[in-house]
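# Structural description and commentary
What follows is each chain in one-letter form.
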Amino acid sequence: YTYFPSKNKLIAEVYLRLLKDAPAHVDVNETAEVRVKAQLRDLVLLVANRPQLADACTMAIMADETAVDDVRAHIAGFQPSFVPGLLQTRDYTEALLSRSTIMPPARLAEAVRAREDRQKILDRYDPPSFTFFLHETIFNIPVGGPAIMSAHMHHLIRMNVRSSVAIRVVPATLGAHPGQAGSCRLMEFAEFGSVAYIETEAIGLFLETRAEIEPYERIFLELGACSLDVSQSQDRIAELAVRLYSE
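Below: a short report on this structure.

Cut-offs and rules
Residues numbered from 1 in each chain as written. Predicted model: local features only at pLDDT ≥ 70, side-chain atom pairs only at ≥ 80, totals over all residues. Heavy atoms only, no water. Axes fitted to C-alpha atoms, helices over the stretch in contact; angles between N-to-C directions. Helix = DSSP H or I, 4+ residues; strand = E, 2+ residues; numbered from the N terminus. Parallel < 35°, antiparallel > 145°, perpendicular 65-115°, else oblique. Left-handed = near helix turned anticlockwise from the far one by under 90°. Contact = heavy atoms within 4.5 Å. Nonpolar A, V, L, I, M, F, W, Y, C, P; charged D, E, K, R; others polar. Salt bridge = Lys/Arg side-chain N within 4 Å of Asp/Glu carboxyl O. Buried < 20%, exposed > 50% of the residue type's maximum accessible area, 1.4 Å probe, protein only. Expected span 1.5 Å × (residues − 1). Arc of directions from axis to C-beta. Phe/Tyr/Trp six-rings, centres within 6.5 Å; stacked < 30°, edge-to-face > 60°. Core = buried A, V, L, I, M, F, W, Y, C linked by side-chain atoms within 4.5 Å. Pairing = 2+ DSSP bridges.

So, about the packing of helix α4 (residues 90-97) against helix α5 (residues 108-119). The N-to-C vectors of α4 and α5 enclose an angle of 135 degrees; their axes lie 10 Å apart at closest approach. One way to sum up the angle between α4 and α5 is to call them oblique. In this structure, α4 meets α5 at a crossing whose hand is right-handed. Listed contacts from α5 to R90, T93, E94, L96 and L97 of α4 are L108, A111, V112, R115 and E116. By residue class, the composition of the contact of α4 with α5 is five nonpolar, one polar and four charged.

Next up on the list: the pattern of salt bridges. When the charged atoms of two side chains lie near each other, side chains of opposite charge can form a pair. Counted under the stated rule, the structure contains 10 salt bridges. Between K120 and D117 there is a salt bridge; the shortest N-O distance is 3.4 Å. Among the residues examined, D117 registers a relative accessible area of 42% and is labelled partly exposed. As a salt-bridge pair, E217 and R210 come within 2.7 Å of each other at their nearest N and O atoms.

The end-to-end C-alpha distance of helix α7 (residues 210-226) is 24 Å, a good match for the 24 Å that 17 residues give at a rise of 1.5 Å each. Taken residue by residue, α7 has E212, I213, Y216, I219, F220 and L223 as its buried positions. All buried residues of α7 lie within an arc of 115 degrees about the axis, which places them on one face of the element. Turned more than 90 degrees from where α7 packs its buried face, A211, L221 and A225 sit exposed.

Time to look at the packing of aromatic side chains. Considering all chains together, one arrives at two aromatic pairs under this definition. Judged by centre distance (5.8 Å) and plane angle (5 degrees), the ring pair of F130 and F132 falls under stacked. The class for F132 is buried, based on a relative accessible area of 6%. Consider the rings of F133 and F220, whose centres lie 6.0 Å apart with planes at 45 degrees: the pair is tilted. Residue F133 is found in strand β2 (residues 129-135), and its partner F220 is found in helix α7; the two are separated by 87 residues along the sequence. Summarising the burial analysis for this pair, F133 and F220 share the class buried.

This part takes up the side chain of S233. By secondary structure assignment, the location of S233 is in helix α8 (residues 230-245). Setting aside residues up to four positions removed in sequence, S233 forms contacts with N160, I167, R168, V169 and L228.

With 31 residues, the main nonpolar core has L87, F132, F139, M153 and I167 as its most contacted residues. The set of elements that each furnish at least two residues to this core consists of α4, β2, α6 (146-159), β3 (165-170), β4 (184-189), β5 (193-199) and α8. Discounting residues that sit within four places of it in the chain, M153 has contacts with F139, I237, L240, A241 and Y245. Membership of the second largest hydrophobic core comes to 14 residues, among which are F133, V170, L186 and L207.

For the rest of this paragraph, the subject is the side chain of R115. When you line up the elements, R115 lands in helix α5. The class of R115 is buried, set by a relative accessible area of 18%.

Relative to β5, β4 is paired through five bridges, and the arrangement is antiparallel. Note that in β5 the partner of R185 across the bridge is Y197. As paired strands, β5 and strand β6 (residues 204-207) are joined by four bridges and run antiparallel to one another. By the bridge assignment for β6, I198 is matched with L205. Hairpin connection, β5 to β6: the antiparallel pair is bridged by four residues.

Below is the structure:
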């Protein structure tokens, strides 16, 4: 038998094995569009009729727990419209979620606490490594007003000196860029390889086959080549904080 040191470790392994064992649609007689749609449908159906398992799998993979680290090695994400949850201040989170069309006001405080709990993964002794690619236009959107944005941008500068965190700015002067299709995440796991993750207001979807993952690997490779490095990003965030939100 296999020993699992925690519930999250067990659930993470179960879901990743479900992804690994999902049938691959590789019939060359079908068009790429037909194959991709069929693959996405099958991946959704893995847990479509088991919503509690779907929720548990998502929480387990992102859990603040060392037992999951051997399947999760590095997480990279691109965000074009707002700062990712792991980097948000409480005030920024409250201002952002309060405008969400799917967030009942009665659950706002609970959602903010849940996001703060997930952020504890960054405070662990040996956290996973994260690379965040943020488009520069994010900082021009005054979520919560100038005071909240100023405090939030200084928070990002402080976070960016951590060894496990790399915040890299995609400059607006670049124009068209590799991530222009929208936000995405690429998670690298020691045992299972890479898994891509995309989400909308209504659903989050993990992509596991090579045909699905390779475009996202290229996106992050090219984002890495055209984005400012960590030091330059620090300077750009500080410059924008003073120019846009100084009192």
